[in-house]
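# Analysis of the macromolecular model
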Amino acid sequence: MDLETGIYPNHAKKESWKTVLTLAYQSLGVVYGDLSTSPLYVYKSTFAEDIHHSETNEEIYGVLSFVFWTLTLVPLLKYVFIVLKADDNGEGGTFALYSLLCRHARVNSLPNCQVADEELYEYKKDNVSLSPKTSFGSRLKSTLEKHRVLQRILLVLALIGTCMVIGDGVLTPAISVFSAVSGLELSAAKEHHKYIEVPVACVILIGLFSLQHYGTHRVGFLFAPVVLIWLLCISAIGIYNIMHWNPHVYQALSPYYMFKFLRKTQRGGWMSLGGILLCITGSEAMFADLGHFSQLSIKIAFTSVVYPSLILAYMGQAAYLSQHHNMDSVYRIGFYVSVPDKLRWPVLVIAILAAVVGSQAIITGTFSIIKQCSALGCFPRVKIVHTSSKIHGQIYIPEINWTLMLLCLAVTIGFRDTKRMGNASGLAVITVMLVTTCLMSLVIVLCWNKSVLFAIGFVLFFGTIEALYFSASLIKFTEGAWVPIALSFIFLIIMCAWHYGTLKKYEFDVQNKVSINWLLGLGPSLGIVRVRGIGIIHTELVAGIPAIFSHFVTNLPAFHQVLVFLCIKSVPVPHVRPEERFLIGHIGPREYRLYRCIVRYGYRDVHKDDMEFEKDLVCSIAEYIRSQSIESNVANEDVGKEDDKMTVVGTCSTHTNGVQLGEDDADVVESTDLASTSKLGEIRSPKGMKTRKRVRFIVPESPKIDIGAKEELQELMEAREAGIAYILGHSYMRAKQGSSMIKKLVINYGYEFLRRNSRPPTHALTVPHASSLEVGMVYNV
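Small disclaimer: the values here were computed from a predicted structure and weren't measured.

Turning to the overall build of the chain, a few remarks are in order. A tally of helices and strands in the chain yields 24 helices and 14 strands. A buried classification covers 58% of the 781 residues belonging to the chain. Contacts spanning at least 24 positions in sequence make up 83% of the contacts within the chain whose residues lie at least 6 apart. Counting every atom, the chain has about 32,100 Å² of accessible surface; 61% of that belongs to carbon and sulfur.

Tyr32, Tyr43, Leu64, Leu71, Phe302 and Tyr314 are the most contacted members of the largest nonpolar core, which has 164 residues in total. The element best represented in this core is helix α7 (residues 148-181), accounting for 16 residues. With sequence-adjacent residues up to four places away left out, Phe302 is seen in contact with Tyr32, Leu35, Pro75, Leu76, Val80, Met286, Tyr307 and Pro308. By size, the runner-up hydrophobic cluster in this structure holds 36 residues, among which are Ile534, Tyr624, Ile625 and Ile705.

This part takes up the packing of aromatic side chains. All chains considered together, the criterion is met by 17 aromatic pairs. The interplanar angle of 35° and the centroid separation of 6.4 Å between the aromatic rings of Tyr256 and Phe259 together place this pair among those described as tilted. Residue Tyr256 and its partner Phe259 are both found in helix α10 (residues 256-265); the two are separated by three residues, about one turn of the helix. On the basis of an interplanar angle of 75° and a centroid distance of 5.3 Å, the ring pair of Phe335 and Tyr336 is categorised as edge-to-face. Across the pair, exposure class does not vary: Phe335 and Tyr336 are buried alike. Members of the aromatic cluster, joined through ring pairs, are Tyr61, Tyr256, Tyr257 and Phe259.

Below, the discussion takes up a nonpolar patch on the surface. Taken together, the side chains of Trp17, Leu21 and Leu296 define a hydrophobic patch exposed on the protein surface, amounting to about 330 Å² of accessible area. Along the polypeptide, Trp17 turns up in helix α1 (residues 17-30).

Further remarks concern the environment of Arg604. As for its placement among the helices and strands, Arg604 is situated in the loop between β6 (594-602) and α22 (610-629). With 313 residues separating them in the primary sequence, Arg604 and Gly291 have C-alpha atoms 9.6 Å apart.

A few words now on the packing of helix α4 (residues 58-81) against helix α17 (residues 418-446). It is at 13 Å that the axes of α4 and α17 come closest, and there the two elements cross at 30°. Considered as vectors, α4 and α17 are oriented roughly parallel to each other. In this structure, the crossing between α4 and α17 has a hand that is left-handed. Residues Val74, Lys78 and Tyr79 of α4 form the contact with α17, whose own contacting residues are Met433, Thr436 and Thr437. Among the residues forming the contact of α4 with α17, the class breakdown is three nonpolar, two polar and one charged.

Right, let's get into the side chain of Arg604. Since its relative accessible area comes to 5%, Arg604 is described here as buried. A distance of 2.9 Å separates polar atoms of two side chains, one belonging to Arg604 and the other to Glu91.

Our next topic: unusual backbone geometry. For Arg416, which is not a glycine, the phi torsion comes out positive at approximately 60°. Topologically, Arg416 is positioned in the loop between α16 (398-415) and α17. Residues other than glycine seldom take positive phi values, yet Arg593 does so here, at roughly 60°. Among the secondary structure elements, Arg593 is positioned in the loop between β5 (582-586) and β6.

Right, let's get into empty space enclosed by the protein. Taken as a whole and assessed by the stated rule, the structure comprises six cavities of 30 Å³ or more. Of the volumes computed, that of the second largest cavity is approximately 50 Å³. What lines the second largest cavity is a set of 10 residues, among which Ser182, Glu185, Gly334, Phe335 and Tyr336 lie closest to the centre.

It is worth spelling out the pattern of salt bridges at this point. Tallied over the full model, the rule gives 20 salt bridges. With its nearest N and O atoms 3.6 Å apart, the salt bridge here joins Glu479 to Lys419. You can see Glu479 sitting in the loop between α18 (452-474) and α19 (482-511) and its partner Lys419 sitting in helix α17, a full 60 residues away along the chain. Take Lys419: its relative accessible area is 16%, and that puts it in the buried class. Residues Asp605 and Arg581 are paired through a salt bridge, measuring 3.5 Å at the closest nitrogen-oxygen approach.

Before going further, it helps to spend a moment on the packing of helix α5 (residues 94-105) against α17. Where α5 meets α17, the closest approach of the two axes is 10 Å, and the angle between their N-to-C directions is 30°. Compared by their axis directions, α5 and α17 come out roughly parallel. As for the relative orientation of α5 and α17, their crossing is left-handed in sense. Residue-level contacts link Thr94, Leu97, Leu101, His104 and Ala105 of α5 to Val435, Thr436, Leu439, Met440, Leu442, Val443 and Leu446 of α17. Among the residues making up the contact of α5 with α17, the classes are represented as nine nonpolar, three polar and no charged.

Bringing α17 into the picture now. Along an α-helix, residues three or four positions apart point the same way, because every turn accommodates 3.6 residues. Between its first and last C-alpha atoms α17 spans 41 Å; for 29 residues at 1.5 Å apiece the expected length is 42 Å, and the two agree. Across the 29 residues of α17, 25 count as buried, placing the element largely inside the fold. For α17, the N-terminal cap is Asp417; the gap from its side-chain oxygen to the backbone nitrogen of Lys419 is 3.0 Å.

On to α16, then. Given a rise of 1.5 Å per residue, 18 residues ought to cover 26 Å, and the 26 Å separating the end C-alpha atoms of α16 matches this to within 8%. Buried residues of α16: Pro398, Ile400, Asn401, Leu404, Met405, Cys408, Leu409, Val411, Thr412 and Phe415, and no others. Down the axis of α16, the buried side of the element spans an arc of 165°, and every buried residue falls inside it. At the exit of α16 stands Arg416, carrying a positive phi of roughly 60°.

Model confidence for the chain is summarised by a mean pLDDT of 81, while 83% of its residues fall at 70 or above. Here residues 127-131 is modelled with pLDDT under 50, and outside its nearest four sequence neighbours on either side it reaches six contacts, counting other chains as well. A low-confidence stretch, residues 632-643 stays under pLDDT 50, and its non-local contacts, those more than four residues away or across chains, total 13 contacts.

Mapped onto the elements, Gly167 comes out in helix α7. Sequence-wise, Gly167 and Cys408 are 241 residues apart; in three dimensions their C-alpha atoms are separated by 9.9 Å.

Another point: the pairing of β5. The buried fraction of β5 amounts to five of the five residues, a majority that puts the element mostly inside the structure. Neither face of β5 is left uncovered, since the one carrying Phe582, Ile584 and His586 and the one carrying Leu583 and Gly585 both have all their residues buried. Strand direction decides the pairing type here: β5 and β6, joined by five bridges, are antiparallel. Across the sheet, the residue bridging to Ile584 is Cys597, located in β6. Here three bridges tie β5 to strand β7 (residues 647-649), and the two strands are oriented antiparallel to one another.

Rules used in this analysis
- Residues numbered from 1 in each chain as written.
- Predicted model: local features only at pLDDT ≥ 70, side-chain atom pairs only at ≥ 80, totals over all residues.
- Heavy atoms only, no water.
- Helix = DSSP H or I, 4+ residues; strand = E, 2+ residues; numbered from the N terminus.
- Buried < 20%, exposed > 50% of the residue type's maximum accessible area, 1.4 Å probe, protein only.
- Contact = heavy atoms within 4.5 Å.
- Areas by Shrake-Rupley, 256 points an atom, 1.4 Å probe, with all protein chains shown as cover.
- Core = buried A, V, L, I, M, F, W, Y, C linked by side-chain atoms within 4.5 Å.
- Phe/Tyr/Trp six-rings, centres within 6.5 Å; stacked < 30°, edge-to-face > 60°.
- Patch = residues over 30% accessible without salt bridge, like charges linked within 9 Å, V, L, I, M, F, W, Y side chains within 5 Å.
- Salt bridge = Lys/Arg side-chain N within 4 Å of Asp/Glu carboxyl O.
- Axes fitted to C-alpha atoms, helices over the stretch in contact; angles between N-to-C directions.
- Parallel < 35°, antiparallel > 145°, perpendicular 65-115°, else oblique.
- Left-handed = near helix turned anticlockwise from the far one by under 90°.
- Nonpolar A, V, L, I, M, F, W, Y, C, P; charged D, E, K, R; others polar.
- Polar contact = N/O pair within 3.5 Å; in protein donor to acceptor, adjacent residues only side chain to side chain.
- 1 Å grid on protein atoms, 1.4 Å probe; cavity = no way out; pocket = protein on both sides within 12 Å on 5 of 7 lines; lining within 4 Å.
- Points joined across faces, edges and corners; volume = space filled by probe spheres on them.
- Expected span 1.5 Å × (residues − 1).
- Arc of directions from axis to C-beta.
- pLDDT = per-residue confidence, 0-100.
- Pairing = 2+ DSSP bridges.

Have a look at this one:
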């Protein structure tokens, strides 16, 4: 698999059943680790305080009925049969829905969008018929495109869901590991077990986060077997408890027991829904991790293994508890009390392993969604380490990893019980589901062109269920539910400040860009000395000449013989194909040797390292020069316009019939050939000049290129031999005098603090310090 393209084996319709079943098996460890460990703490959190287990069994039967129908309606009906179909070219999650809406309604939050981006293959993926102009979907689309306030509300909604996912990345490892370790309470003395659980849980969490930099691919082969063994284990224990304690427990699956439960418990029963909610923690992973697998494989794994195993596990616990009413209140109602004595230690070990697997999945998912946010300009730039050269999506972000670890330890040590952890985790989970429901309703109308009645029915049905659970979780604000709200608020402030600052910076660049007429006025020599080599000026602009260039020319008397204005940008699609990677065009006349190069990446693409990128960049410029020379309609009448004509050019591997770049290591190069079937000439380097590479272009024999293109290729080849230098802007932003106090706080303190403590914009290129030059500027926005 090509790391750059990030294409997953996500073509279930074309794959054999063997492949589909293999993906379904692998998805057990990645997708369902969190969901499968929920039996560890659901009953314990539900009966923690609000309701009590009585001899009538109405409470336990009512809870079982709620669990069964919640699992059936939300993960099975909502996600498996509806939400999974709303994929973005095989990708899922909150940002996938937002990306779909951005493309269909043209409400993209990225400032440097181009019409050419709409020609991308994945941008045009949805071949749905256009809705009539009089339809509700068309009117809704027009309304969204006209009103910036609605666009910002949509973005904030997506960011709230994202922030809650990050909060879940803090809470899920804490509650999963702590609940698994809580089995020690049945094996240690009553006065000692509470002093054992927290240290053991903390040690496991520290070990889990400390191993993240090795990558999950090293131990990932154990994930699916661990979860499968765990599911088989809890289902077998469930069957045993049903047969041994209460074979008639299946009657509690009737929704009538939910009514009896609420009628008897009333307010206490409603408040206990926050514990029942935990039975669907991890359901969002089915959609969020869709890009690693396929819809069919995830559906098969859930319907054939996960769903029946969980139902049997919950029924088994209810069957055991229905015959045990006088239990010691110290231990409360937990998972391990229903496990036969002889199996408790083996089950404890398997539970801890399953909790670690579930925690690993949510940690990796947190890394992935932060990468997506960063790519779409909604999160400060962070260091992204790809831990596997073969498996796309396995990344490690050091800053986020250690932040999550500290927060996990703080939650574990601060709460020290599953009750408050469950309240916090439940609110985070249900908020993400509510956001998904809201975004899905818009997708149904705007992207699927379905009836508005279908969208309203979807929102009313699932939104009512989730709003009920949300209210039950929110009422526990002072009992732990404040944690995800506080975490989400902090991350939301960070994201909004960064996004606002990024937009203002881009607006400043657009307003202060240099006119092309100023460049043309300098003449062919540009009024300064041109030195050997390629100069790459990094800019966020997709049109025009950045102000940093004039600032650079003013302070330095010379620059390189070939100058490239490079813009690396993200587009609202998950992946950009290699053949669509580059947009290249001339700036000014051909003899100026100035080029604009826009490199497009999807929000899940992997950036190549600097050497591969440099090779692709130079080769693509050479291919652009060749392709322009052989076009019959090539002319210079458009030269000098602001919107230069841009041509889509792929990477070296995609134009095998075009120009190819050959590089050989050499200490001293005396001559360089431009290889072709007809020799184009020979360029000699100055005597005694040492270069790092011997470069040659291999040009196809047919069709022929003109003399001007030959000279242009020769000069590009000579410049590549001399080396590449990166000219980077180092900006400081300040709010203008007279700006509001909020703007000054956001720009002068918030954004600037984040900018100083985040990675530079060219970090993805790994620019060597010896080849870089920074030009400082102050932005008054």
